[in-house]
4 protein chains.
Amino acid sequence: MGDLLGVAVLGAGHMGADHIRRLDRVVSGARVAAVADPDLDRAREAAAGLAGVSVHADPAAALDAPDVAAVLIASPGPAHEEALLAAFARGLPVLCEKPMVPDSTGALRIVEAEAGLGRRLAQIGFMRRYDAEYRRLKALLDGGGLGRPLMLHCTHRNVSSPAGFTSAMLINSSVSHEIDAARWLLGQELTAVTVLRPTASTGAPEGLADPQFVLFETERGALVDVEVFVNSGFGYQVRCEAVCEAGSARIGDDHTMVVTTRDGAREEVAQDYLVRFADAYDRELQAWVDAARRGEVTGPDVWDGYTASVVAEAGVRALETGRRVAVDLAPRPDLYTAVSR
Amino acid sequence: MGDLLGVAVLGAGHMGADHIRRLDRVVSGARVAAVADPDLDRAREAAAGLAGVSVHADPAAALDAPDVAAVLIASPGPAHEEALLAAFARGLPVLCEKPMVPDSTGALRIVEAEAGLGRRLAQIGFMRRYDAEYRRLKALLDGGGLGRPLMLHCTHRNVSSPAGFTSAMLINSSVSHEIDAARWLLGQELTAVTVLRPTASTGAPEGLADPQFVLFETERGALVDVEVFVNSGFGYQVRCEAVCEAGSARIGDDHTMVVTTRDGAREEVAQDYLVRFADAYDRELQAWVDAARRGEVTGPDVWDGYTASVVAEAGVRALETGRRVAVDLAPRPDLYTAVSR
Amino acid sequence: MGDLLGVAVLGAGHMGADHIRRLDRVVSGARVAAVADPDLDRAREAAAGLAGVSVHADPAAALDAPDVAAVLIASPGPAHEEALLAAFARGLPVLCEKPMVPDSTGALRIVEAEAGLGRRLAQIGFMRRYDAEYRRLKALLDGGGLGRPLMLHCTHRNVSSPAGFTSAMLINSSVSHEIDAARWLLGQELTAVTVLRPTASTGAPEGLADPQFVLFETERGALVDVEVFVNSGFGYQVRCEAVCEAGSARIGDDHTMVVTTRDGAREEVAQDYLVRFADAYDRELQAWVDAARRGEVTGPDVWDGYTASVVAEAGVRALETGRRVAVDLAPRPDLYTAVSR
Amino acid sequence: MGDLLGVAVLGAGHMGADHIRRLDRVVSGARVAAVADPDLDRAREAAAGLAGVSVHADPAAALDAPDVAAVLIASPGPAHEEALLAAFARGLPVLCEKPMVPDSTGALRIVEAEAGLGRRLAQIGFMRRYDAEYRRLKALLDGGGLGRPLMLHCTHRNVSSPAGFTSAMLINSSVSHEIDAARWLLGQELTAVTVLRPTASTGAPEGLADPQFVLFETERGALVDVEVFVNSGFGYQVRCEAVCEAGSARIGDDHTMVVTTRDGAREEVAQDYLVRFADAYDRELQAWVDAARRGEVTGPDVWDGYTASVVAEAGVRALETGRRVAVDLAPRPDLYTAVSR
């Protein structure tokens, strides 16, 4: 079938390999056409067993490989800017894992580059927008039956943080999901951020400010609070309660099987984001592939990626200073709506 | 990609069209190669927009079309036997929607035909085995931590029954899912069935015995009760509680979003099986395609299809007579394990 | 305060002692005036620390003690008939623990004796009618919003059965609560009973048919099923789901605190009926005392006590014979409504 | 029975009348001996039907009435200080509704007066400490199994606020419950408070800052956040989630009956604090009466009442200034532990 979308996957680490498997075994209408990783062995291993895949150390070579019609960027954040610009230069639709670009200055360059093209090519990997529960909440809020949203109460807990995780990363890696989700759910920009630091858990590595409690204000006066606790020890829990003028709605307390034993009634708690959001990743890639085959680009855009960088940087300053920090965005190019749907 | 599995889909009605969409847009590794329906217009409509698909009035012609390497039977039940035998004759792997064959005599002929081949070709469409919650419950029971299962309490409710639905169909169409699910969860054959008829709901069509309460006994003394209520008016609810020697486990009370308003705290209830089991259908087809591409056949087998027919027939007799009816199975060919996993 | 209701408590065992504590420490408007138990030491111990209480071996002497204006019967079942008749002879209001009288013949004599008086004196201890959840369900069903009830699915599980518990006692001791609750919730008599016996749990004592699955039919065609499992090992669970023409309602899945740890999200399960129904016992006694001080008798009546005996006897026969057994009631005296409210 | 505790009830308004009913009809071991209210008609009405009760316009006269052995203060807050001092002067045990004294200066005078007596006489009406769910959470935290508490996430919602409710009253009337509950659950003083004001709900009266989001810091670095929303429109919801080093626990999501209809699965939400906390009020009064009859005073003490005043005043300043306000407590007399149990 000549119409399968040939995808170059940049980065063959944990996330890249998972996306390769997904393109090969789960997603309809696409195939992996090229894999690039500076570690060629890793690239070869990720491509093993797939037919018609070329393997490269150089990302640019992968983009130019035969049958490549789209790019999936799963390399480390610092490599994203160059990869995005290379995709733009070739007119290739691209799905870029978050963070789009780690610093807001680089992120703004991406916004300007794509705006200069006059059309969208990039979709940013905020996959919560593809989660069934988040979509249900979004639909409920957009439907208007609960009235205007006043507050979002969010919880973001991991079992434990990976080695090298810093206090700033609770904001710019973990909470960056809530930054995008809050903007998307509310359809509003975040305008200020304050970070509170309870005494750190003894379950967290020495020196890590974990948990944190992050407060965002929005342009129309809503309040978003986020408990982020990456060494909770007990599970991967992502919850969100929207409190509106005419009611509230809560997602993330899913219980699919209740087991009652001598130890009480128990529900399983997901331990890993790849479990909790497996379906969201599948849907995200399928949506990207489907759109690319139609010649379209949909989903979170680079303005979303840029604002997430700016808000996260403000959050890190708020963490470091203990003060409320205002969010200062560059003017928004006409190509982008305020908050993409 | 020459290695996409070419599938002939027999039947282009509601279920057939949905499977065609699934093969085209959701499932990885397969494509629709032929569609057959006595109503050629319907076949053409279902195949519209797909490349490389031939359309046929005659199922046999579809099986012989170019690139056909597997068969999906979604035609009405009475056409299944002939279609299965045609697939067997050509050595094609086949996924057959339930009921495998409506009557147990015909079902037994399929068992004998496949057993005569000496290898499995057919997977029967008991898609609950691919539902995430059922799989979790199955894994829990197989794990042994709850001890021996003593009882299954099942609920099977629809909003309303389609036109022409008969009292017998509550057993041989609706409860047939529980018949297979109970056998699979318990790993035991059902040995007897009793049906109780509470006063019919005024919400049910005149003359329909709805709800019914069905009791199955198993070969090792477990009890399976099923409330089947196809005109409940309020939702599509499929629940199962397994009561074991060391605890109980319940699935089907999933709540993904709780909305609190002036009217109380409310959770959505699915209204349709295609919503509740959408993922299960996706996984079922993906598993079938993946196995076929490996040259294998897995999942529910024709012995499962046959026993479901026999038990359903006993159930209908129990409904009609008001008495306990024993289940009488033919000898099981060596090709099949007692209850497939 | 001369207007405190002086109560003679007959029986100073586990339940009697608990009621003495309740009258002394919890219930307003009553005091223990006399305690009777054949074991005088046990009676003295139960009365220890209370002022103005006389202690007796002979129940009749307790009824005649100073200040006794009401009787609470908590002695073993076989002593109930004589105690009830003695209370009737003295015109004393009486609260009688269940079973009212163990056999239906004796129970009928009580019905006839009270009917002969022409006024109610006895309240029977079916305390589930005073449980907040059951009352909510009763109010919902009586309100009519869910339409006519079609089925009740009931669960009655204990952690373990006391020594000497027989297979018949699962019916006439445990399920007797559901017998009364079902009559009360539905406002209908039970007309037939069938008992199924799954293979017994290895957690049950040798020879005990545990669990059992009991099916009641009602005079207007509703179906009541009860899982009774007195050696479940995991908790005291009493649940009831009413399935009606326009919806269903479920009680007994109360979760008041959800604790999430490394082991998942967990809710406590009550281990004991005195915990689960503590408030119901309190309310039952308060209602009885309040009515007695107003010169009234309310709550479950001796007709309820009698029918419970008859249905339980039919249930035991159904257990023993494996067959459906019809319920045969004596004519109901005019003093009683069909099912008391 | 001469040993019934004779109680003088000061204030015969809504709360006073409810407590009179409770002492008469619910609580064991006490009776209403005197009622005082400046509005003598209201006092007479509240005492109607009770025997042996004297009625007074002057609180002091009620305290000196025959048989008065304890005092329950349910008059408006500004009258509390004088009433407490009068009870202290007579050595009478007293239960004082919250707020103990509206301003912290007056509250401190009460602390000093009781400390000067050298023994406790007053119990303050923080009735959440007597709620079954809060007690379960307290026991869990004290048990230590979840490790050190890091955060409390609290919700306090009412359907609508009474006439005359001010923005400050969201703090010093509504949140005062959370102030005491947080101190009690954590066993720590609150040391600072910040108040955020999302855009007010259009469901709130013009000019009322509703909802508010209140953040408390504690002496050992825990964080307590409270959503207070007194015109939520949908219910009376009091929830608390304790996030600890080894797990979390949540109360207040109680669902006792799930009703499923065409509109989904629905749980009732309490509309009123007298419903949600009815049992807590009952237990509070019973505990007070039981202790008084033993010659003891237990429960929340005047130090708890004083700190609640100080923290609430800091909260109101935080609301007015938009800044973090530190809590400044007077030295604690030896009579009191840091946070009473």
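The name given to chain A in an unreviewed UniProt entry is Inositol 2-dehydrogenase, with Streptomyces actinomycinicus as the source organism. If you open the UniProt record of chain A and go to Subunit (unreviewed entry), you find "Homotetramer." Quoted verbatim from the Catalytic activity (unreviewed entry) field of the UniProt record, the comment on chain A reads "myo-inositol + NAD(+) = scyllo-inosose + NADH + H(+)".

Student: Residue-level account of the overall build of chain A, with values.
Tutor: The number of helices and strands found in chain A is 10 helices and 15 strands. Here the C-alpha atoms of chain A give a radius of gyration of 20 Å, agreeing with the 20 Å that 2.2 N^0.38 yields for 341 residues. Dimensions of chain A along its principal axes, counting C-alpha atoms only, are 55 × 50 × 45 Å. Counting all 341 residues of chain A, 63% fall into the buried class. Long-range contacts, defined as pairs at least 24 residues apart, comprise 72% of the intrachain contacts of chain A with a sequence gap of at least 6. Carbon and sulfur atoms make up 51% of the accessible area of chain A, which amounts to about 12,100 Å² in all.

Student: Residue-level account of helix 5 (residues 104-117) of chain B, with values.
Tutor: Residue and element names in this part refer to chain B. The end-to-end C-alpha distance of helix 5, which contains 14 residues, comes to 20 Å, matching closely the 20 Å that a straight helix rising 1.5 Å per residue would cover. Close packing links the buried residues of helix 5 with helix 4 (80-90), strand 6 (122-124) and helix 10 (302-321). Where helix 5 ends, the next residue or the one after it, Gly 118, has phi of about 80 degrees, a positive value.

Student: Got a sec to walk through the pairing of strand 2 (residues 30-36) of chain A? Specific residues and values, please.
Tutor: On any regular strand, side chains alternate: one points to one face of the sheet, the next to the other face. Residues and elements named next belong to chain A. For strand 2, the buried fraction is high: seven of the seven residues fall into the buried class. Bridge analysis of strand 1 (residues 5-10) against strand 2 gives six bridges, and the strand direction is parallel. Bridge pairing in strand 2 links Leu 5 to Ala 30. Pairing of strand 2 with strand 3 (residues 54-56) involves three bridges; the strand directions are parallel. Each bridged residue has a counterpart across the sheet, and for Ala 36 the counterpart in strand 3 is His 56. In this fold, the crossover linking strand 2 to strand 3 by way of helix 2 (residues 40-47) has right-handed handedness.

Student: Could you give me a rundown of the interface of chain A and chain C, with the residues and numbers involved?
Tutor: Interface size is often expressed as the accessible area that is lost when the parts come together. Taken together, the contact pairs 12 residues of chain A with 12 residues of chain C. Between chain A and chain C, the buried area comes to about 1,100 Å², and carbon and sulfur atoms account for 52% of it. Together, A:Phe234, A:Thr260 and A:Ala265 form the three largest contributors to the area buried by chain A at its contact with chain C, with a combined 37%. Our enumeration of links across chain A and chain C arrives at zero salt bridges. The interface formed by chain A and chain C contains zero residue pairs in polar contact (both at pLDDT 80 or more). At the level of secondary structure, the elements contributing two or more residues to the side of chain A that touches chain C comprise strand 13 (257-261) and strand 14 (264-267) of chain A. With four residues, strand 14 of chain A is the largest single contributor of residues to the side of chain A that touches chain C. A class-by-class count of the residues in the side of chain A that touches chain C yields three nonpolar, five polar and four charged. As defined by bridge partners, strand 14 of chain A adjoins strand 14 (residues 264-267) of chain C across three bridges and the pair is classed as antiparallel. Bridge pairing in strand 14 of chain C places A:Glu267 opposite C:Ala265.

Student: Tell me about the interface of chain C and chain D, residues and numbers included.
Tutor: On the chain D side, the residues contacting the 36 residues of chain C number 36 residues. For the pairing of chain C and chain D, the buried interface totals around 2,700 Å² over both sides, and the portion due to carbon and sulfur atoms is 49%. Our count for the contact surface shared by chain C and chain D stands at two salt bridges. Across the pair D:Asp290 and C:Arg25 runs a salt bridge whose closest N-O atoms are separated by 3.3 Å.

Student: How would you explain the packing of helix 4 (residues 80-90) of chain D against helix 5 (residues 104-117) of chain D if you had to name every residue and give the values?
Tutor: All names here are of chain D. Viewed as axis vectors pointing N to C, helix 4 and helix 5 meet at an angle of 5 degrees, and their least axial separation amounts to 10 Å. Relative to helix 5, helix 4 is oriented roughly parallel. Contacts between helix 4 and helix 5 involve Glu 81, Leu 84, Leu 85 and Phe 88 from the former and Gly 106, Arg 109, Ile 110, Ala 113, Glu 114 and Leu 117 from the latter. Split by residue class, the contact of helix 4 with helix 5 holds six nonpolar, one polar and three charged.

Student: Tell me what's going on with the pattern of salt bridges, and back it up with residues and numbers.
Tutor: All names here are of chain A. A full pass over the atoms with the stated rule returns 90 salt bridges over all chains. A salt bridge links Asp 180 to Arg 183; the shortest N-O distance between them is 3.8 Å. Of this pair, Asp 180 and Arg 183 are both found in helix 7 (residues 167-186), three residues apart, which corresponds to roughly one turn of the helix. Residues joined by salt bridges that share partners form a network here, namely Arg 129, Asp 180, Arg 183, Glu 189 and Asp 304.

Student: Tell me about the sheet that holds strand 6 (residues 122-124) of chain A, and please be specific about residues and values.
Tutor: Residue and element names in this part refer to chain A. Strand order across the open sheet formed by six strands is 3-2-1-4-5-6, with parallel pairing between neighbours. A strand with exactly one partner marks an edge of an open sheet, and here the two such strands are strand 3 and strand 6. In this sheet, adjacent strand axes meet at a mean angle of 25 degrees when their direction is disregarded. In terms of strand pairing, strand 1 meets strand 4 (residues 70-73) through four bridges, oriented parallel. Note that in strand 4 the partner of Leu 10 across the bridge is Ile 73. Where helix 4 (residues 80-90) meets the sheet, it contacts strand 1, strand 4, strand 5 (94-96) and strand 6, and its direction lies at approximately 170 degrees from that of strand 5.

Student: Outline the confidence of the model for chain A, supporting the account with residue identities and numerical values.
Tutor: Looking at chain A as a whole, the pLDDT averages 93, with 98% of positions reaching at least 70. Predicted complex, confidence summary: ipTM 0.90, pTM 0.91.

Student: Please give an account of the domain arrangement of chain A that cites residues and values.
Tutor: Residues and elements named next belong to chain A. Partitioning chain A into structural domains gives domain 1 (5-128 + 280-301) and domain 2 (131-276 + 305-326). Taking the mean C-alpha position of each, domain 1 and domain 2 sit 27 Å from one another. Between domain 1 and domain 2, the residue contacts involve 20 residues of the former and 19 residues of the latter. Contact between domain 1 and domain 2 buries roughly 1,700 Å² in total, counting both sides, with carbon and sulfur atoms accounting for 58%.

Student: Please set out the relation of the copies chain C and chain D residue by residue, giving values where relevant.
Tutor: When chain C is fitted to chain D, the residual RMSD is 0.1 Å, and the transformation amounts to a turn of 180 degrees plus an axial shift of 0.0 Å. With respect to symmetry, the two chain copies, as superposed, fit the operation of a two-fold axis. Among all residues of chain C, the one whose C-alpha sits closest to the rotation axis is C:Ser28, at a distance of 2.2 Å. Taken as a fraction of all interface residues of chain C, those also at the interface in chain D reach 100%, which identifies the copy contact as same-surface.

Student: Tell me what's going on with the packing of aromatic side chains, and back it up with residues and numbers.
Tutor: Tallied over the entire structure, the rule returns 10 aromatic pairs over all chains. Each ring, one from B:Tyr236 and one from B:Phe277, has its centre 6.1 Å from the other, and the planes form 85 degrees; the classification is edge-to-face. Placement of the pair is B:Tyr236 in the loop between strand 10 (223-229) and strand 11 (237-244) and B:Phe277 in the loop between helix 8 (273-276) and helix 9 (278-293), with a sequence separation of 41 residues. The exposure class of B:Phe277 is buried, given its relative accessible area of 0%. Centre to centre, the rings of D:Trp303 and D:Tyr306 are 5.1 Å apart; their planes meet at 45 degrees, and the pair counts as tilted. Linking D:Trp303 with D:Tyr306, this pair stays in helix 10 (residues 302-321), spanning three residues, or about one helical turn.

Student: Help me get a handle on the UniProt feature "domain: Gfo/Idh/MocA-like oxidoreductase N-terminal" (unreviewed entry) in chain A, residues and values and all.
Tutor: Those places that UniProt annotates as "domain: Gfo/Idh/MocA-like oxidoreductase N-terminal" (unreviewed entry) correspond, in this numbering, to residues 6-121 of chain A. Secondary structure within residues 6-121 of chain A divides into 43% helix and 19% strand; the distance between the first and last C-alpha atoms comes to 16 Å.

Student: Account for the side chain of A:Ser28, with residues named and values stated.
Tutor: Looking at the element boundaries, A:Ser28 is found in the loop between helix 1 (14-25) and strand 2. Here B:Asp24 takes part through its backbone oxygen, which lies 2.7 Å from a polar atom of the side chain of A:Ser28. Apart from the residues within four sequence positions on either side, A:Ser28 is in contact with A:Gln286, A:Val289, A:Asp290, A:Arg293, B:Leu23, B:Asp24, B:Arg25, B:Val26, B:Val27 and B:Ser28.

Student: Describe the relation of the copies chain A and chain C, and please don't skip the residues or the numbers.
Tutor: Once turned by 180 degrees and shifted 0.0 Å along the axis, chain A lies on chain C with an RMSD of 0.0 Å. Comparing contact sets, 100% of the residues at the interface of chain A also lie at the interface in chain C, consistent with an isologous, same-surface contact.

Quick notes on the rules
Residues numbered from 1 in each chain as written. Chains lettered and ligands numbered in written order. Predicted model: local features only at pLDDT ≥ 70, side-chain atom pairs only at ≥ 80, totals over all residues. Heavy atoms only, no water. UniProt positions renumbered as here; feature names shortened; annotations may be inferred. Helix = DSSP H or I, 4+ residues; strand = E, 2+ residues; numbered from the N terminus. Rg over C-alpha atoms; globule rule 2.2 N^0.38 Å. Buried < 20%, exposed > 50% of the residue type's maximum accessible area, 1.4 Å probe, protein only. Contact = heavy atoms within 4.5 Å. Areas by Shrake-Rupley, 256 points an atom, 1.4 Å probe, with all protein chains shown as cover. Expected span 1.5 Å × (residues − 1). Pairing = 2+ DSSP bridges. Right-handed = clockwise from strand over helix to strand, strands pointing away. Buried area = accessible area lost by both parts, 1.4 Å probe. Salt bridge = Lys/Arg side-chain N within 4 Å of Asp/Glu carboxyl O. Polar contact = N/O pair within 3.5 Å; in protein donor to acceptor, adjacent residues only side chain to side chain. Nonpolar A, V, L, I, M, F, W, Y, C, P; charged D, E, K, R; others polar. Axes fitted to C-alpha atoms, helices over the stretch in contact; angles between N-to-C directions. Parallel < 35°, antiparallel > 145°, perpendicular 65-115°, else oblique. pLDDT = per-residue confidence, 0-100. Domains from an automatic or database assignment. Least-squares fit on C-alpha atoms with pLDDT ≥ 70 in both. Phe/Tyr/Trp six-rings, centres within 6.5 Å; stacked < 30°, edge-to-face > 60°.

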